[in-house]
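Chain by chain, the residues:
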Protein chains: 2
Amino acid sequence: MTTPDTIAPVVPARSAVRPLGLDAVRLTGGFWGERERLARDAIIPHAEHWEERTGWLANFDAVAAGTVAQTCQGREFSDSEIYKLLEAMAWQLGREPDAGLESRFAAIVARVSAAQQPDGYLSTMFGNPGQDPRWSQLEWGHELYCLGHLFQAAVARVRSGHRDELVAVAVRAADHVCEVFAPGAHPGICGHPEIEVGLAELGRALGERRYLDQAREFVERRGHQVLPDIEFGREYYQDDIPVRDATVLRGHAVRALYLSAGALDVADEFADTELADAVRRAYDRTLERRTYLTGGMGSHHQDEAFGEDFELPADRAYCETCAGIGSVMTAWRLLLGTGDLRYGDIIERTLYNVVAVSPRADGRAFFYTNPLQQRVAGEPVGADDISRRARAQLRAPWFEVSCCPTNVARTLSQLAAYVAVMDEHGVSIVQYADADIRAFLPEGPMVLQTRTAYPHDGRVTITVVDAPAEAELRLRLPAWASGATVLRDGAESEVSVDAIRDGMLRLSHLAVGEAVVLTLPIAPRLTHPDPRIDAVRGSVAVEAGPLVLCAESVDIGGADVADLVIDVTAPLEHTEGGVRARGRLRPAASNGWPYRGDVDAVAEAVKIPLVPYYTWARRGPGTMRIWLPTS
Amino acid sequence: MTTPDTIAPVVPARSAVRPLGLDAVRLTGGFWGERERLARDAIIPHAEHWEERTGWLANFDAVAAGTVAQTCQGREFSDSEIYKLLEAMAWQLGREPDAGLESRFAAIVARVSAAQQPDGYLSTMFGNPGQDPRWSQLEWGHELYCLGHLFQAAVARVRSGHRDELVAVAVRAADHVCEVFAPGAHPGICGHPEIEVGLAELGRALGERRYLDQAREFVERRGHQVLPDIEFGREYYQDDIPVRDATVLRGHAVRALYLSAGALDVADEFADTELADAVRRAYDRTLERRTYLTGGMGSHHQDEAFGEDFELPADRAYCETCAGIGSVMTAWRLLLGTGDLRYGDIIERTLYNVVAVSPRADGRAFFYTNPLQQRVAGEPVGADDISRRARAQLRAPWFEVSCCPTNVARTLSQLAAYVAVMDEHGVSIVQYADADIRAFLPEGPMVLQTRTAYPHDGRVTITVVDAPAEAELRLRLPAWASGATVLRDGAESEVSVDAIRDGMLRLSHLAVGEAVVLTLPIAPRLTHPDPRIDAVRGSVAVEAGPLVLCAESVDIGGADVADLVIDVTAPLEHTEGGVRARGRLRPAASNGWPYRGDVDAVAEAVKIPLVPYYTWARRGPGTMRIWLPTS
């Protein structure tokens, strides 16, 4: 074990602000602390169980035994699920030693290691006797994609101070990739971006310039029609336009977002501001025109892709959980690179309203897609069922394409890294959670304790346990937080809209022992969509703090939420466990041809309970909607 | 040549009203007459050219030569395109002899015939040396589907008085199918319904009970999980629920509609009112909840399928041209079976706003999907390009899956059969077109001439050339036609809404030589959607007679139609070639996060020209929308 690096998923050589790792920020409880533990105690063991049960882990044993062509289970990306599980385990071990978990981790690593070829190649789906040759189907084969996830897992180990077998496996594989795909050698790229971010991060973590060069090479190759044209067009895998020329994210959402993250890593390491600016512009435009209220991305089921600008149907929202994670990956890199805390807004929104939606409260079932409207009650899924991703259903234990559960596991296991950042002048709190924070500024340590019931309560108490005299404490203020108050030394000051323009509040002259009380205005509020979003015209959503709320049929006596109309003039009331709006329930009477010269409007008054979207479908099948018609 | 039967696509043994064939109704010009000729003069030769060019026709030669496994082109349903082309030719020849066309027809038939196996089996994709065995992939193989289209082509020949080689090929194939799939023999069904309607119609045309029995057998088998479960579920091919138990159409739209047509044929022939009622109920509910304003059906690109109730997005409307044709097939059978002329409304709507939309004015390019909103200008398609169906593009000459061009060809070639029906008391005019109509009532011939510029003019003049004294003339009155007037013998009478309840106006005491002038109110009108259709809430459409109108960017100086707002209080003005609404153009200025606490509304007044939807995209790429926001 070596001295730990910053134990965090993204550690750029240079950036506007620096991440604080899992050793510097400890979640002590609350919304995110509970989820960090849920990943360790439930989701990780659940994924281990299913990876064993489906035979995806045994594929590695079969490679070692030379029998994999006969017994291979799963799909061309199944190896990546093992690597994402290892990454999740590695972050958990990085934040807190656990001998039992360490030995389970090592056992899986040994099986993976045994499947590696002498030259470093590693795949259970290609290149073994009786299988298709190595690199023979780059557009759909996912070989490099899988290795990218292997490298991210190894990065978690390196940054936690380990140079173990997993790191050795990753180094052998990365060296092999750099040799095979060197400039002038194999000119290909992977149909699913991920190798870029994996190589770049591994290069950073190990100080291996060659990996960074290869990551850059892969980023630069893409967009020049390297891959074949397919049914969905080359934009499906972002091979239509070079990253530095693209103006918006398009095609398969997870692919587009992983590529964006990888391109930002490359841009940061090579001080390529043109590339960084291109990704930022494309991502910002995507936020403006191709993002759901929840932060979810991806409007098409057909190709799991972004739609056109403002094509954001609530019912057919794909909003894959993994796309939400890809968006967090990208936004976090932009926050570090620019120092603009406003990227914390989309991270917060996405964590609460996409990532947190996926796992069931017990961590043993997951949503793959996260629509904003459920028209028909979903089908319950049995604890032993492997689900298809596109079906209308409740959370499911595992999927034929099971990218989301392990992605949730690794993301929840690294949550503490997203709470705060630092620079030489002080610390910025990006997400509000129960946390102990310790940053080493040039002038000395800055130690903070944040305590809050956020997002269910707007009050956050930040105790300055220690701080150099000149240190600055910055608090991210979400765009909706106009009217927030800060209490210091008995003097309360209100934060105006102007102060939120740059997304943060700066506090200086900190006294050791001082308690700063930030109160964010989490009273429920009405939100209107851009009029160009046809799918939700004439509707409003209700948000409370960072939470998007929704109506569920179970709360209106089993009536269909399709028949609800909200009265926007009535006050939104707080209730125990939620919010209550007023409105009407239109009887779903009318029959016949549904397009008429007149409109009728008979309806009975109802109260409309609204609950946080992340809790939806916890109480069994039903209909649900976030956007409520106003007339 | 034998005495022609009724030269029409559906001739039930018993029905409430009887069809009038292509010999009894002659289109003399006008909207539909032009399209009937367009099919003969442009679309049919175009399809011949492409079927030769793609090698789909040569597949039959290769089967005869024993080389097809090496040279086979196209997809598993390509044979059906040849059969649909033959059907189109056969209807054209049935309505009017044409020696040149007859010889082109015979040449294709000879090539098809040469590929038939001695036992009657016929396919270019299966069962030949080097190919997969016969019937080995019923769920995706389309073997029976293709034969269903062969049978429909043969039906057109039989009803036109021919017992030629095509009929002989069809009989051999049908006998073979009846043997292989007899009760107790192979228990399978085809993944794509069509064999049902083909066998039933062939059985009717030839008086062959065995084919009808087999059609019934196939209808009854479906819905009992005969086919494997697939990614989209068994509802994709209607194998989830038996036809007589289903309450709504679901799954792949063309499959659902072809099955409905076949089931109605079976129900009619076996006097199975329970089955007929089940299909009617399911279709009626589909009209109420799963049909676009255009009559288009199918909301999903992913599986070309119906969505849930009221899931009708304008931009992602799939509305496959072939689904429109399937809907016409189903509605026409319901009209014949029930005598309810109101099914003529959906036929009319679908013909004008789905089927007529597909072909370009020159008949050499086609829309496959018919969305109600185009967000980005479609890509022009070269005259030599084979297109993918799902891409945003202008009309294309041919497709990899090219079902629509030949389906349009056969439908436009049989249009005259949909104009009028008869029973022993008289004639009902179902569609208004320039036509000469001759029906043989028990009391004597009833001869009518209809002349009109409909749908561009509401006036239809029906001259009673001959009629028995007691004969009744019935005129279908569309649901929107309240305020229509009828002028007889100098006395004009207005038709009230009540009179439209049963969808028709009955006229008796006809005088020979009398001219009845029906004036339908085609002034443009505003149409509101059912409030449960979320995708178009807060919008209206403008219709004029049977035509759905749309706004195109080319008519508003290239501005994006996404920015239009219609003023519903302003009058709709007639202009040369169209209609003009008034409204505002919202500047597409706002940037940043598109969900806000307030709404701004700055807009400049504009006039909004509206054109018939079937003409859209004739003037090059642009944006388009049918539903216009009201605020």
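Residues numbered from 1 in each chain as written. Chains lettered and ligands numbered in written order. Predicted model: local features only at pLDDT ≥ 70, side-chain atom pairs only at ≥ 80, totals over all residues. Heavy atoms only, no water.

Turning our attention to the overall build of chain A. The number of helices and strands found in chain A is 16 helices and 25 strands. For chain A, the C-alpha atoms occupy an extent of roughly 70 × 70 × 45 Å along the three principal directions. The buried share of chain A, reckoned over its 631 residues, is 65%. Nonlocal contacts in chain A, meaning residues at least 24 apart in sequence, comprise 68% of its contacts between residues at least 6 apart. Total accessible area on chain A is roughly 20600 Å²; 49% of this is exposed by carbon and sulfur atoms. Both charge centroids of chain A, one from 64 positive and one from 88 negative side chains, sit 2 Å from each other. (Helix = DSSP H or I, 4+ residues; strand = E, 2+ residues; numbered from the N terminus. Buried < 20%, exposed > 50% of the residue type's maximum accessible area, 1.4 Å probe, protein only. Contact = heavy atoms within 4.5 Å. Areas by Shrake-Rupley, 256 points an atom, 1.4 Å probe, with all protein chains shown as cover. Lys, Arg positive; Asp, Glu negative; His and termini not counted. Charge placed at Lys NZ, Arg CZ, Asp CG, Glu CD.)

Now for the interface of chain B and chain A. In this assembly, 60 residues from chain B lie in contact with 60 residues from chain A. Carbon and sulfur atoms make up 48% of the surface buried where chain B meets chain A, a total of about 5000 Å² over both sides. If you sort the residues of chain B by the area they bury against chain A, Arg537, Trp593 and Tyr595 of chain B come out on top, with a joint share of 15%. Between the two partners, chain B and chain A, sit six salt bridges. Here chain B is connected to chain A by 20 residue pairs in polar contact (both at pLDDT 80 or more). Those elements giving two or more residues to the side of chain B that touches chain A turn out to be helix H12 (273-289), helix H14 (343-355), strand S16 (525-529) and strand S22 (595-596) of chain B. (Buried area = accessible area lost by both parts, 1.4 Å probe. Salt bridge = Lys/Arg side-chain N within 4 Å of Asp/Glu carboxyl O. Polar contact = N/O pair within 3.5 Å; in protein donor to acceptor, adjacent residues only side chain to side chain.)

This part is about helix H2 (residues 58-65) of chain A. Among the residues of H2 of chain A, Asn59, Phe60, Ala62 and Val63 of chain A are the ones counted as buried. Projected onto a plane normal to the axis of H2 of chain A, the buried residues spread over an arc of 160° and lie on a single side. (Arc of directions from axis to C-beta.)

Time to look at the relation of the copies chain B and chain A. The relation between the two chain copies is a rotation about an axis coupled with a shift along that axis. Superposition record for chain B on chain A: RMSD 0.0 Å, screw rotation 180°, translation along axis 0.0 Å. Taken together, these values place the two copies in the relation of a two-fold axis. Of the interface residues in chain B, 100% have counterparts in chain A that sit at the interface too, so the contact is made through matching surfaces. (Least-squares fit on C-alpha atoms with pLDDT ≥ 70 in both.)

Here the focus is the packing of aromatic side chains. Residues and elements named next belong to chain A. Overall, the coordinates contain 46 aromatic pairs over all chains when judged by the stated rule. Each ring, one from tyrosine 283 and one from tyrosine 343, has its centre 6.4 Å from the other, and the planes form 40°; the classification is tilted. Note that tyrosine 283 is positioned in helix H12 (residues 273-289) and tyrosine 343 in helix H14 (residues 343-355), a separation of 60 residues in sequence. For the residue pair tyrosine 283 and tyrosine 343, the accessibility class agrees, reading buried in each case. (Phe/Tyr/Trp six-rings, centres within 6.5 Å; stacked < 30°, edge-to-face > 60°.)

This part covers helix H8 (residues 165-180) of chain A. Helical geometry note: an α-helix holds 3.6 residues per turn, so side chains three or four residues apart project in the same direction. Residue and element names in this part refer to chain A. For H8, spanning 16 residues, the distance from its first C-alpha to its last is 23 Å, which sits close to the expected 22 Å at 1.5 Å a residue. Here the buried face of H8 lies against helix H4 (78-95), helix H5 (99-114), helix H7 (143-159), helix H9 (195-206) and helix H10 (209-221). The N-capping residue of H8, defined by a side-chain oxygen 3.2 Å from the backbone nitrogen of leucine 166, is aspartate 164. (Expected span 1.5 Å × (residues − 1).)

As a further point, take the pairing of strand S23 (residues 604-612) of chain B. All names here are of chain B. When strand S18 (residues 547-552) meets S23, the two strands line up antiparallel, connected through two bridges. Within S23, the position partnered with cysteine 550 by the bridge is valine 611. Sheet analysis places strand S21 (residues 578-585) next to S23, joined by seven bridges and oriented antiparallel. Bridged to alanine 581 within S23 is isoleucine 608. (Pairing = 2+ DSSP bridges.)

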